[in-house]
Amino acid sequence: RPKKAEAKMSDPAEQAGGPAGQDRSGKGASQEEGEGAGAAAAEEGEKEDADVDILNSLTGLPKEEDIMLFCLPMCAPYSAIQNYKYKVKLTPGNMKRGKASKSAIEMILGGQGGLPPREYSMIRGMPDQEVVACMLGNSRPAIAGAKVPQNRKVVKAKRRGRGKKKR
């Protein structure tokens, strides 16, 4: 968890080398302005702490004791999400985004052996529009380690003797 940055409020006159409570003109700063700026900075610091806490609650590796609230589809470089539990690799292909997103969800649900019911329902419950919005166009989803069935050309046996049929 990253360390929280501590902001130290100081008077600009102190930074310039002047006595505390005076600005560069030598006049004293009013006490009310200092309190208002300090309260606004403290409120902003609390808001940043709340944002950091929300980001720290997101995980790519849910554990048994974690309480899952929702699933978030995302698209990122594969090296960044290698340690995630559920991931699909997108390779260049000719699938449209909608079909590729449905295929990716089916790969996740079918590729993992014995999904817990809660995780299965979370993945299944992701809105299609959100999944399609984060997909790349003209891509083909693939799960690492799974063999992709290739289209095999069926070669028909050649008919010999294409001449006239004998009666």
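Before reading further, recall that the structure is shown in the block above.
Residues numbered from 1 in each chain as written. Predicted model: local features only at pLDDT ≥ 70, side-chain atom pairs only at ≥ 80, totals over all residues. Heavy atoms only, no water.

Q: I'd like to hear about the packing of aromatic side chains, residue by residue, with values.
A: A complete count under the given rule lists 0 aromatic pairs for this structure. Its end group placed over the ring of tyrosine 78, lysine 89 keeps NZ or CZ at 5.4 Å from the ring centre. (Phe/Tyr/Trp six-rings, centres within 6.5 Å; stacked < 30°, edge-to-face > 60°. Lys NZ or Arg CZ within 6 Å of the ring centre and 35° of its normal.)

Q: Please give an account of helix H4 (residues 117-124) that cites residues and values.
A: Among all positions of H4, only Glu119, Met122 and Ile123 are buried. Take H4 and look down its axis: the buried residues cluster within an arc of 95°, on one side only. (Buried < 20%, exposed > 50% of the residue type's maximum accessible area, 1.4 Å probe, protein only. Helix = DSSP H or I, 4+ residues; strand = E, 2+ residues; numbered from the N terminus. Arc of directions from axis to C-beta.)

Q: Give a detailed account of the environment of serine 101, specifying residues and quantitative values.
A: Position of serine 101 relative to the elements: it lies in helix H3 (residues 97-111). Remark: the alpha-carbon pair of serine 101 and proline 141, spanning 40 residues in sequence, is separated by 8.0 Å. Those residues within four positions of serine 101 in sequence are excluded, and the remaining contacts are Val131, Val132 and Met135. At 2.8 Å, the side chain of serine 101 forms a polar contact with the backbone oxygen of glycine 98. (Contact = heavy atoms within 4.5 Å. Polar contact = N/O pair within 3.5 Å; in protein donor to acceptor, adjacent residues only side chain to side chain.)

Q: Give me the lowdown on a nonpolar patch on the surface, citing residues and values where you can.
A: A surface patch of nonpolar side chains, about 720 Å² in accessible area, is lined by Leu55, Leu58, Ile67, Leu69, Phe70 and Leu72. Along the chain, leucine 55 falls in helix H2 (residues 31-57). (Patch = residues over 30% accessible without salt bridge, like charges linked within 9 Å, V, L, I, M, F, W, Y side chains within 5 Å. Areas by Shrake-Rupley, 256 points an atom, 1.4 Å probe, with all protein chains shown as cover. Salt bridge = Lys/Arg side-chain N within 4 Å of Asp/Glu carboxyl O.)

Q: Tell me about the state of the cysteines, residues and numbers included.
A: Counted according to the given criterion, the structure contains 0 disulfides. Take cysteine 134: it sits in no disulfide, and the sulfur closest to it among the cysteines is that of cysteine 75, at 6.3 Å. (Disulfide = S-S within 2.5 Å.)

Q: Please set out the pattern of salt bridges residue by residue, giving values where relevant.
A: Per the stated rule, a full pass over the model turns up 2 salt bridges. Arginine 124 is the partner of glutamate 106 in a salt bridge, and the nearest nitrogen-oxygen pair spans 3.1 Å. Taken together, the residues span a long stretch of sequence, with glutamate 106 in helix H3 and arginine 124 in helix H4 at a distance of 18 residues.

Q: Give a detailed account of the nonpolar core, specifying residues and quantitative values.
A: By size, the foremost hydrophobic cluster in this structure holds 12 residues: Tyr86, Val88, Ala100, Ala104, Ile105, Ile108, Leu109, Leu115, Ile123, Met126, Val131 and Met135. Ranked by the residues each element gives to this core, the list is headed by H3, at 5 residues. With sequence-adjacent residues up to four places away left out, leucine 109 is seen in contact with Leu115, Tyr120, Ile123 and Arg124. (Core = buried A, V, L, I, M, F, W, Y, C linked by side-chain atoms within 4.5 Å.)

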